[in-house]
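# Coordinate inspection notes
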Amino acid sequence: MNRKVTIGIAGGIGAGKSIVSRLLRCNGMRVYDCDYEAKKIMTYDLDVKESIITKFGKGIYNDRGELHRKKLADLIFKDKNKRRIINSIVHKAVLDDIKLKRLEQEGLFFIETAIPSSGGIDKICDAMWIVESPLEVRFLRVENRDKMSREDFFLRIESQEKELENIETPEIDIIQNDDQHPMLSKILKQIDKYSLHNTYTISC
């Protein structure tokens, strides 16, 4: 199959987007991680870096030119205006990077993102997989991983709710990340819908 199919992988903090992405990568699938790539862009893209410094001050980067990520995260998740500012700077650069890398890819191309609608990712996807998981399970994952407080966790949840409500993608599918719904089977079923891997087997 020669046509390109772009699939977004979305879901709130702690839902398990990265688990889905890892399973896909283990089996040779191309997954563009928006968060990871955005961090690279904010560090190495000089135009983006200059814009961030102009809006947030030189103190947002350390002496080695590295972004103070926690400081920025605290600012944007508690101030909607600051969030809009950083989004306006970074989103276009990320979309441009996605479009460039997608040109090199045949068949399935996956995009992992926490902000599918405000980031404009939904509008360039043929389908969106939304990963869901019980709220308390999500908090425990984030608490163990990031040492995040319950208050900050729910602030993140609140900021992400509209992202999933406002998705504009032709097809939306839910992937349950819990013991009752094996993700491997769901991923296999979803991939088979595109008839790209009729004998596809996930190996990790």
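Our structure is the block above this text.
Quick summary incoming for the structure in this document. Along each chain, numbering runs from 1 in the same order as the chain's sequence is written. With pLDDT at 70 or above as the cut-off, local features in this predicted model cover only qualifying residues; side-chain atom pairs require 80 or more to be listed or tallied, and sums for whole chains, interfaces and linings still use all residues. Here the side-chain values reflect all heavy atoms present in the structure, with hydrogen atoms and water set aside.

### Quick notes on the sheet that holds strand S4 (residues 127-132)
Spatially, the five strands line up as an open sheet ordered S2-S3-S1-S4-S5, and their pairing is parallel. This sheet does not close on itself; its edge strands, each paired only once, are strand S2 (30-33) and strand S5 (171-176). Each neighbouring strand pair of the sheet contributes to a mean axis angle of 25°, computed without reference to strand direction. Following DSSP output, two strands are said to pair if at least two bridges run between them. Only DSSP runs of H or I reaching four residues or more are called helices, and only runs of E reaching two or more are called strands; each is numbered from the N terminus. The sheet contact formed by strand S1 (residues 5-10) and S4 spans four bridges and is parallel. By the bridge assignment, Ile9 is partnered in S4 with Trp129. Only the contacting stretch of a helix is used when fitting its axis, a line to C-alpha atoms as for every element, and angles between N-to-C directions run 0 to 180 degrees.

### Considerations on helix H5 (residues 80-102)
Under the 1.5 Å per step criterion, the end-to-end length of H5 is 31 Å for 23 residues, consistent within 8% with the ideal 33 Å. What the bend at a residue measures is the angle between two axes, fitted to the seven residues ending there and to the seven starting there. A maximum bend of about 30° is found in H5 at Asn87. Exposure is judged per residue with a 1.4 Å probe applied to protein chains only, and the accessible area is read against the type maximum: over 50% gives exposed, under 20% gives buried, and values in between give partly exposed. The set of residues buried in H5 consists of Arg83, Ile86, Asn87, Ile89, Val90, His91, Ala93, Val94, Leu95, Asp97, Ile98 and Lys101. Working rule for contacts: check all heavy atoms of both residues, and any pair within 4.5 Å makes them a contact. For H5, the secondary structure elements touched by its buried residues are S2, helix H2 (34-44), helix H3 (46-56), helix H4 (69-78), strand S3 (108-112) and helix H7 (150-165). The term polar contact refers here to a pair of N or O atoms within 3.5 Å; inside protein, the definition further demands a hydrogen-donor-capable atom paired with an acceptor-capable atom, and it admits residues adjacent in sequence only when both atoms are side-chain atoms. Two or three places before Asn81, at the start of H5, stands the capping residue Asp79, its side-chain oxygen 2.9 Å from that residue's backbone nitrogen. In this analysis, the expected span of each helix is defined as 1.5 Å times one less than the number of residues it contains.

### Quick look at H4
Those residues of H4 not exposed but buried are Leu72, Ala73 and Ile76. Looking down the long axis of H4, one finds its buried residues gathered within 100° of arc, a one-sided arrangement. Exposed residues on H4 whose side chains face more than 90 degrees from its buried face are Lys70 and Lys78. Packing partners of the buried residues in H4 comprise H2, H3, H5 and H7. The arc in question is the one spanned by the directions pointing from the helix axis to the C-beta atoms.

### Things to note about the nonpolar core
Ranked by size, the top nonpolar core spans 29 residues in total, and within it Met42, Ile52, Leu72, Ile86, Val94, Ile98 and Ile111 carry the most contacts. Elements supplying a minimum of two residues to this core: H2, H3, H4, H5, S3 and S4. In terms of residue count, H5 provides more of this core than any other element does, seven residues in total. Those residues in contact with Met42 that sit more than four places away from it in its chain are Val48, Lys49, Ile52, Tyr61, Leu67, Arg69, Leu72, Ile86 and Val90. Note on terminology: a nonpolar core comprises buried Ala, Val, Leu, Ile, Met, Phe, Trp, Tyr and Cys residues joined through side-chain atoms within 4.5 Å. Val20, Trp129, Met183 and Tyr194 belong to the second largest nonpolar core, which has 19 residues in total.

### Concerning the packing of H2 against H3
Across the interface, H2 lies against H3 with an axial gap of 6 Å and an inter-helix angle of 80°. Comparing the axis directions of H2 and H3 gives the class roughly perpendicular. On the side of H2, the interface is formed by Ile41, Met42, Thr43 and Tyr44, while H3 contributes Leu46, Val48, Lys49 and Ile52. Of the residues in the contact of H2 with H3, the class split is six nonpolar, one polar and one charged. Any angle from 65 to 115 degrees is called roughly perpendicular, while one under 35 is roughly parallel, one over 145 is roughly antiparallel, and all others are oblique. Classification used: nonpolar for Ala, Val, Leu, Ile, Met, Phe, Trp, Tyr, Cys and Pro, charged for Asp, Glu, Lys and Arg, polar for all others including Gly.

### Digging into the pairing of S3
Of all five residues in S3, five are buried; the element is thus mostly enclosed. Of the two faces of S3, the one holding Leu108, Phe110 and Glu112 and the one holding Phe109 and Ile111 are both buried throughout. Pairing geometry for S1 and S3, over five bridges, is parallel. Counterpart to Ile7 in the pairing with S3 is Phe110. Where S2 meets S3, four bridges bridge the pair, whose relative direction is parallel. Note that in S3 the partner of Tyr32 across the bridge is Ile111.

The analysis is restricted to geometry; functional conclusions fall outside its scope.
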